[in-house]
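Letter by letter, the chains look like this.
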Amino acid sequence: MQQLLSQVQSLGLLLARLYVAQVFFLSGLSKLRDWSSTLALFEDEYHVPLLPPELAAYLGTAGELALPVLLALGLGGRFAALGLSVVNLMAVLSLSELAPAALAGHQLWGVLLLLVALWGSGRWSLDAWLGRRA
């Protein structure tokens, strides 16, 4: 029974990683596609605390492109999950108005990222594969 639960946990962690990685990666790609609009959004709509808007745009976009790749591969999974948690939290805090459905999405992503941060990437990850090789 323990073996079955371990496999189910690994499957759940894999699905969570892939789902959240896709959401954030696609968001990063959309920012790259229209960089002038992205900069305008960070100037006018997103009010990221403590950072100038242009720097926030660069850091947020870089985080949305690099961290999901690590998360999907399960390479530095806890680091990637914590990094995307910061991106997620900044997105929620920086918007003055957030529709209830959008907030629910951010909450779901936050919970899934918390699971990966607490339990790691699972057996089906590069972290686990590298651990077995060491």
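Going along each chain's sequence as written, the residues are numbered from 1 onward. It should be noted that, the model being predicted, local features are given only for residues of pLDDT at least 70 and side-chain atom pairs only at 80 or more, the latter also being counted only at that level, while totals for whole chains, interfaces and linings use all residues. Each side-chain value is derived from all of the structure's non-hydrogen atoms; neither hydrogens nor water enter the calculation.

Caption draft 1: Looking closely at helix α3 (residues 53-73). Secondary structure elements follow DSSP: runs of H or I of four or more residues count as helices, runs of E of two or more count as strands, with numbering from the N terminus. Multiplying 1.5 Å by the helix residue count minus one yields the expected span of that helix. Under the 1.5 Å per step criterion, the end-to-end length of α3 is 30 Å for 21 residues, consistent within 8% with the ideal 30 Å. Note on exposure labels: buried denotes an accessible area under 20% of the residue type's maximum, exposed denotes more than 50%, and partly exposed covers the range between, all computed with a 1.4 Å probe on protein chains only. For α3, the complete set of buried residues consists of Ala56, Ala57, Gly60, Thr61, Gly63, Glu64, Leu65, Leu67, Pro68 and Leu71. Two residues qualify as a contact provided that any one of their heavy atoms is within 4.5 Å of a heavy atom in the partner residue. Elements in contact with the buried residues of α3: α1 (2-33), α2 (35-44), α4 (77-94) and α5 (100-119). Phi turns positive, to about 70°, at Gly74, one or two residues after α3.

Caption draft 2: Broad picture of the pattern of salt bridges. Here a salt bridge means any side-chain nitrogen of Lys or Arg lying within 4 Å of a carboxyl oxygen belonging to Asp or Glu. Scanning all chains against the criterion turns up one salt bridge. A salt bridge links Lys31 to Glu64; its shortest N-O distance comes to 3.0 Å. Of this pair, Lys31 sits in helix α1 while Glu64 sits in helix α3, placing them 33 residues apart in sequence. Across the pair, Glu64 and Lys31 agree in class, each one buried.

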